[in-house]
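Chain residues, written in single-letter form:
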Amino acid sequence: MTFDLFDNLAEAAPEPAIEPLGDGAMVLRAFARAREEALARAIAAIAEAAPFRHLITPGGFRMSVAMTNCGKVGWVSDRTGYRYDPVDPQTQRPWPAMPPVFAELARDAAARAGYPGFAPDACLINRYAPGSRLSLHQDRDELDLDAPIVSVSLGLPAVFLFGGLRRADRPARVRVAHGDVVVWGGPSRLAYHGVAPLADGDHPAFGRARLNLTFRKAR
Ligand code: SIN
Ligand code: FE2
């Protein structure tokens, strides 16, 4: 990753704007841009301690998105199911602590979206290569469904799919670019969502990849 381009990117950043996505759901455009360099460094440090890996679904499929975690618990999948685990099954060590820049960004974004006091204990870090996708799903492995989900996009742009409370509800297709933050909670907390296959490209700071930080209150 290179950092010398961040200043130019910051100058070109659009005015932060809020785009409604549904009842209790919205996109905060460019909300994470001011912290992009600190976020990139923190992701690199986390990946040193807890490497990105392709998890296996309970059905036996290898996920195209590579994942790691930081925080008190991490989201993992294997043949036995999905769970939050305080220990990284690959390293047998606790997940790296959540960096303050992560926790502060998540709290600030949630507050901006109308969810004050958000204190996530889990951050799933997703890495998409060109062609990687995430099929429609609900985030429902968390005990506390009152807390929102805060999802930060970095690197290559993607098409975020945001549906309704039923799998069959046709999802909206929303372009999410570097620095955009999607927040959903309240009546939208269990909305189906996913990511369309990533188009190839070359991001100045993240190269041929999209990174996503998903903050949750799991416990
Ligand atoms: C997720 O649902 O865990 C990730 C969504 C995204 O990558 O935008
Ligand atoms: Fe999700």
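The chain is annotated in an unreviewed UniProt entry as Alpha-ketoglutarate-dependent dioxygenase AlkB of Cupriavidus respiraculi. Among the UniProt annotations of the chain, the heading Cofactor (unreviewed entry) holds the following wording: "Fe(2+)".

This next bit is on the site of ligand 1. Taken together, 13 residues lie around ligand 1, and Y128, H137, H193, R210 and N212 are the ones closest in. Contact between ligand 1 and Y128: an oxygen atom at 2.5 Å from a side-chain N or O atom of the residue. Contacts to ligand 1 include H137, whose side-chain N or O atom sits 3.1 Å from an oxygen atom. In the complex, the protein chains occlude 98% of the 260 Å² of accessible area that ligand 1 would expose alone. Of all elements in the fold, only β6 (122-128), β7 (134-137), β12 (193-195) and β13 (210-216) reach the threshold of two or more residues within the shell around ligand 1.

A few words on the nonpolar core. A general feature of soluble globular proteins is that nonpolar side chains tend to end up buried together. Core analysis: the biggest nonpolar cluster contains 36 residues, and F102, I125, V150, V152, V181, L213 and F215 have the highest contact counts within it. Mapped onto this core, the elements with two or more residues apiece are β2 (25-28), α2 (36-49), β3 (66-71), α3 (100-112), β6, β8 (149-155), β11 (181-184) and β13. Of the residues forming this core, the biggest block, six residues, is contributed by α3. With 27 residues, the next largest nonpolar core counts Y84, V174, V182 and A218 among its residues.

On to unusual backbone geometry. Note: most residues except glycine have negative phi, and most peptide bonds are trans. Positive phi, normally seen in glycine, also occurs at A30, with a value near 60°. As for its placement among the helices and strands, A30 is situated in the loop between β2 and α2. By relative accessible area, A30 is classed as buried at 10%.

Okay, the pairing of β8 next. Counting buried residues along β8, seven of its seven residues qualify, which places the element largely inside the surrounding structure. In this structure, β8 lies alongside β11, joined through four bridges in antiparallel fashion. Residue V150 lies in a different strand from β11, and its bridge partner there is V183. Where β8 meets β13, six bridges bridge the pair, whose relative direction is antiparallel. Residue pairing across strands places L154 opposite L211, the latter belonging to β13.

Across the sheet, which stays open at both edges, the four strands sit in the order β7-β12-β9-β10 with antiparallel pairing between neighbours. Lying at the two open borders of the sheet, with one neighbouring strand each, are β7 and β10 (172-176). Adjacent strand axes in the sheet meet at a mean angle of 20°, parallel and antiparallel pairs treated alike. In this structure, strand β9 (residues 158-162) lies alongside β10, joined through five bridges in antiparallel fashion. The partner of A158 across the bridge, within β10, is V176.

With that out of the way, let us pick up the pairing of strand β5 (residues 81-85). Where strand β4 (residues 74-78) meets β5, five bridges bridge the pair, whose relative direction is antiparallel. Within β5, the position partnered with V76 by the bridge is R83. From the end of β4 to the start of β5, which pair antiparallel, there are two residues.

Let us look at the sheet that holds β13. Reading across from one edge, β1-β2-β11-β8-β13-β6-β3 is the order of the seven strands in this open sheet, with antiparallel pairing throughout. Sheet topology places β1 (18-22) and β3 at the edges, where each strand pairs with a single neighbour. Here the average twist between neighbouring strands, direction ignored, is 20°. Docked against the sheet, α3 engages β1, β2, β3, β6, β8, β11 and β13, running at close to 115° with respect to β8.

A word on the coordination of the iron ion (ligand 2). Listed as protein donors to the iron ion (ligand 2) are H137 (NE2), D139 (OD) and H193 (NE2); their distances from the metal cover 2.1 to 2.2 Å. One chain supplies every donor for the iron ion (ligand 2), spaced along it as H-x1-D-x53-H. Of this pair, H137 sits in strand β7 while H193 sits in strand β12, and the two are 56 residues apart along the sequence.

Here is what the cut-offs are and how they apply
- Residues numbered from 1 in each chain as written.
- Chains lettered and ligands numbered in written order.
- Predicted model: local features only at pLDDT ≥ 70, side-chain atom pairs only at ≥ 80, totals over all residues.
- Heavy atoms only, no water.
- UniProt positions renumbered as here; feature names shortened; annotations may be inferred.
- Near = heavy atom within 4 Å.
- Polar contact = N/O pair within 3.5 Å; in protein donor to acceptor, adjacent residues only side chain to side chain.
- Areas by Shrake-Rupley, 256 points an atom, 1.4 Å probe, with all protein chains shown as cover.
- Helix = DSSP H or I, 4+ residues; strand = E, 2+ residues; numbered from the N terminus.
- Core = buried A, V, L, I, M, F, W, Y, C linked by side-chain atoms within 4.5 Å.
- Buried < 20%, exposed > 50% of the residue type's maximum accessible area, 1.4 Å probe, protein only.
- Pairing = 2+ DSSP bridges.
- Axes fitted to C-alpha atoms, helices over the stretch in contact; angles between N-to-C directions.
- Contact = heavy atoms within 4.5 Å.
- Donors = N, O, S within 2.8 Å, 3.2 Å for Na, K, Ca; no water.

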